[in-house]
Amino acid sequence: GDSAQDRGRLNEAHLYLRDVIFKGVDVQIGRQDFDEEREWLYDENLDAVRAFVRRYSMRLELFAASVIHGGDPDDEDSETFGAILSTETSADWSVGAYAIRRDSELEGPRRATHLGVRGLGEFIDDHESWAELSFLSGSDGGNDLTGWAFDVGDVWSLPWADRWYLVAGLAFGSGDRGTFDGRDSTFRQTGLHDNNAKFGGVTSFRYYGELLQPELANMRISTLGVGRRFGRRESIDLVFHKYDQDFAQPFLVDADIREDPSGLDRDLGWEVDLVFGSRSLERANFELVMGRFDPGGAFPGAAHAWVVKAQVRLQL
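Residues numbered from 1 in each chain as written. Predicted model: local features only at pLDDT ≥ 70, side-chain atom pairs only at ≥ 80, totals over all residues. Heavy atoms only, no water.

Draft legend 1. Highlighting the nonpolar core. Of all hydrophobic cores here, the largest spans 44 residues; its most connected members are Trp 40 and Phe 199. Discounting chain neighbours no more than four positions away, the residues touching Phe 199 are Trp 130, Val 155, Tyr 165, Val 167, Phe 205, Tyr 207, Asp 237 and Val 239. (Core = buried A, V, L, I, M, F, W, Y, C linked by side-chain atoms within 4.5 Å. Buried < 20%, exposed > 50% of the residue type's maximum accessible area, 1.4 Å probe, protein only. Contact = heavy atoms within 4.5 Å.)

Okay, here's the thing in structure tokens:
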């Protein structure tokens, strides 16, 4: 028979108070957008109490957050607490440090704390760089959580080739030998991440691969790319990724393919993505993504995979 389901979702509804108690102390309460430039830490709408303190060219953000209703089961069951300290200057770069704690009971008690430092921006002329270093600790059921990860890279705007840029990056998330010793050394991201950002173009995309879309866990990702802007409103990116596991395991953590690796080979394969973006219309933008993933030795006998995606956003 026929069936229908109507479902709405509240994205943002919050109150923002400026200069609470002291000048330079702001408070935000309600459902709000947690977002940051690379979406490596978070990109999520959460119900939160959030405070911002600005002093001496520094910015401190403190928050306690969850999802009361209308979110994914994992988000509704989790409580998140965080502190992020970063520079706030007129320069085109920033550095900072953070601590983020997530507690969940959905599949048994899980306590995960991320401590990290990061730097983003134009530290050298014609170079947009990023550097992430993060450490994970906590517990999951009867296992102690320990892991670490880094992600470094650079977008070089070529001075002799107007509007062209080159991209190079290396990301690593630790894995575990699987020895059942009561300790899990597999790094996991925060669970609020999206891994979505721009390189030198006008549109953002999944910078770990539009097809595989892996979480940075038990994996090394090597990235090379080239791109070009066509004026200020259009760009094209060609990006290559090589994937290897830290330890050969018969599973991938939160990747977007159904096939599991054999666990006998660390070579997962490679992916190439072509991304075209346009902002040429005043109230609309367009994005076209084409990607191909070729499996490595970890997927014996497996065929390659393709993805084609088109997206149009309208602003009314």
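Draft legend 2. Representation of the layout of surface pockets. Roughly 790 Å³ of volume is contained in the largest pocket. Surrounding the largest pocket, 28 residues form its lining, Asp 74, Arg 188, Gly 191, Glu 215 and Asp 254 being those nearest its centre. Residue assignment for the lining of the largest pocket shows that the elements contributing at least two residues are β6 (93-104) and β7 (110-124). Among the residues making up the lining of the largest pocket, the classes are represented as six nonpolar, 10 polar and 12 charged. (1 Å grid on protein atoms, 1.4 Å probe; cavity = no way out; pocket = protein on both sides within 12 Å on 5 of 7 lines; lining within 4 Å. Points joined across faces, edges and corners; volume = space filled by probe spheres on them. Helix = DSSP H or I, 4+ residues; strand = E, 2+ residues; numbered from the N terminus. Nonpolar A, V, L, I, M, F, W, Y, C, P; charged D, E, K, R; others polar.)

Draft legend 3. Representation of unusual backbone geometry. Its identity is not glycine, yet Asn 195 carries a phi of approximately 50°, on the positive side. Positionally, Asn 195 belongs in the loop between β11 (183-184) and β12 (196-197). Classification of Asn 195 by relative accessible area gives buried; the value is 5%. The backbone of Asn 218 sits at a positive phi, close to 50°, despite the residue not being glycine.

Draft legend 4. Fine view of the pairing of strand β10 (residues 164-173). Note: strand β9 (residues 143-157) against β10, nine bridges, orientation antiparallel. Looking at the pairing, Gly 153 lines up with Gly 169 of β10. Taken together, β9 and the strand that follows it, β10, pair antiparallel across an intervening segment of six residues, in which Arg 163 is found at a positive phi of about 75°. Judged from the 10 bridges that link them, β10 and strand β14 (residues 219-230) form a sheet pairing that is antiparallel. Bridge pairing in β14 links Tyr 165 to Gly 227. (Pairing = 2+ DSSP bridges.)

Draft legend 5. Structural view of the pairing of β6. When strand β5 (residues 78-87) meets β6, the two strands line up antiparallel, connected through nine bridges. The partner of Ile 84 across the bridge, within β6, is Tyr 98. Note: β6 against β7, 12 bridges, orientation antiparallel. Counted as the bridge partner of Val 95 is Gly 119 from β7. Counted along the chain from β6 to the antiparallel partner β7, the turn is five residues long, and its residue Gly 108 has a positive phi close to 100°.

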